[in-house]
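The chain contents come next:
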Amino acid sequence: MSKINQAVNGSSVFRVDKFVVPANAREEIVAKVRMTHELLRQQQGFVQDFLLEQFSGPGEFNLVTIVEWQSQAAVDKVVPIVKAAHERIAFNPKETIARLGVKADIANYQRIPGV
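Presented here is an overview of the structure given in this document. Everything quoted here is computed from the prediction, not taken from an experiment.

1. Quick notes on the pattern of salt bridges
Reasoning step 1: Within the structure shown, the criterion is met by six salt bridges.
Reasoning step 2: With a shortest N-O distance of 2.5 Å, Asp17 and Arg15 are connected by a salt bridge.
Reasoning step 3: On the basis of relative accessible area, Arg15 is assigned to the partly exposed category, the value being 33%.
Reasoning step 4: Between Glu60 and Lys103 there is a salt bridge, and its shortest N-O distance comes to 2.4 Å.

Okay, structure coming up:
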């Protein structure tokens, strides 16, 4: 772990979005995730992000995104920015997920101290 991350991780918030994406929806979902993450990377308090795709194993979720933020305050500031950006391009994530038959599990996480 880098010294930069060690300094940040005590209060870091991890946004973890897990998806079950049907094969015919993959391209559209990945494009929307990439677009959103480009915006997230430009925001104050952004630390790092990952877009992960399952390639083996019996797990239910085949697409996972993780974004690390410096703090909950950073997350709180970015939420309206992302919402406004999505509204400007008429993108509604909930409607898109429903239309494509994607199952989503979305939550914020923190590190367990001492691990």
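2. Topic: the sheet that holds strand 2 (residues 46-53)
Paired through their backbone hydrogen bonds, the strands of a sheet run either parallel or antiparallel.
Reasoning step 1: In space, the four strands of this open sheet follow the order 2-3-1-4, with antiparallel pairing throughout. Single-partner strands in this sheet number two, and they are strand 2 and strand 4 (103-109). For this sheet, the mean inter-axis angle between neighbouring strands, taken without regard to orientation, is 10 degrees.
Reasoning step 2: In this structure, strand 1 (residues 13-20) lies alongside strand 3 (residues 63-69), joined through seven bridges in antiparallel fashion. Each residue of the ladder has a partner; that of Val16, found in strand 3, is Ile66.

3. What to know about the nonpolar core
Side chains of nonpolar character tend, in soluble globular proteins, to be buried together.
Reasoning step 1: Counting 10 residues, the largest nonpolar core is built from Phe19, Val21, Ala25, Ile29, Val30, Val33, Leu63, Ile97, Leu100 and Val102.
Reasoning step 2: Taken together, the elements giving at least two residues each to this core come down to helix 2 (26-41) and helix 4 (93-100).
Reasoning step 3: Element by element, the count of residues in this core is highest for helix 2, at three residues.
Reasoning step 4: Those residues within four positions of Ala25 in sequence are excluded, and the remaining contacts are Leu100 and Val102.
Reasoning step 5: Judged by nonpolar contacts, the second largest core, of nine residues, contains Leu40, Trp69, Ala74 and Val75.

4. Here we look at the packing of aromatic side chains
Reasoning step 1: In this structure the tally under the stated criterion is one aromatic pair.
Reasoning step 2: With a centroid separation of 5.8 Å and 80 degrees between ring planes, the pair formed by Phe46 and Trp69 is classed as edge-to-face. In this pair, Phe46 sits in strand 2 while Trp69 sits in strand 3, placing the two residues 23 residues apart along the sequence.
Reasoning step 3: The class for Phe46 is buried, based on a relative accessible area of 19%.
Reasoning step 4: The class for Trp69 is buried, based on a relative accessible area of 3%.

5. Details of helix 4
Reasoning step 1: All of the buried residues along helix 4 are Thr96, Ile97 and Leu100. Buried residues of helix 4, seen end-on, are gathered within an arc of 100 degrees and therefore sit on one face of the element. When the buried face of helix 4 is taken as reference, the exposed residues oriented beyond 90 degrees from it are Lys94, Glu95, Ala98 and Arg99.
Reasoning step 2: Packed against the buried residues of helix 4 are strand 1, helix 2 and strand 4.
Reasoning step 3: Two or three places before Lys94, at the start of helix 4, stands the capping residue Asn92, its side-chain oxygen 3.0 Å from that residue's backbone nitrogen.
Reasoning step 4: After helix 4 finishes, the residue Gly101 shows a positive phi value of roughly 70 degrees.

Cut-off values and rules
Residues numbered from 1 in each chain as written. Predicted model: local features only at pLDDT ≥ 70, side-chain atom pairs only at ≥ 80, totals over all residues. Heavy atoms only, no water. Salt bridge = Lys/Arg side-chain N within 4 Å of Asp/Glu carboxyl O. Buried < 20%, exposed > 50% of the residue type's maximum accessible area, 1.4 Å probe, protein only. Pairing = 2+ DSSP bridges. Helix = DSSP H or I, 4+ residues; strand = E, 2+ residues; numbered from the N terminus. Axes fitted to C-alpha atoms, helices over the stretch in contact; angles between N-to-C directions. Core = buried A, V, L, I, M, F, W, Y, C linked by side-chain atoms within 4.5 Å. Contact = heavy atoms within 4.5 Å. Phe/Tyr/Trp six-rings, centres within 6.5 Å; stacked < 30°, edge-to-face > 60°. Arc of directions from axis to C-beta. Polar contact = N/O pair within 3.5 Å; in protein donor to acceptor, adjacent residues only side chain to side chain.

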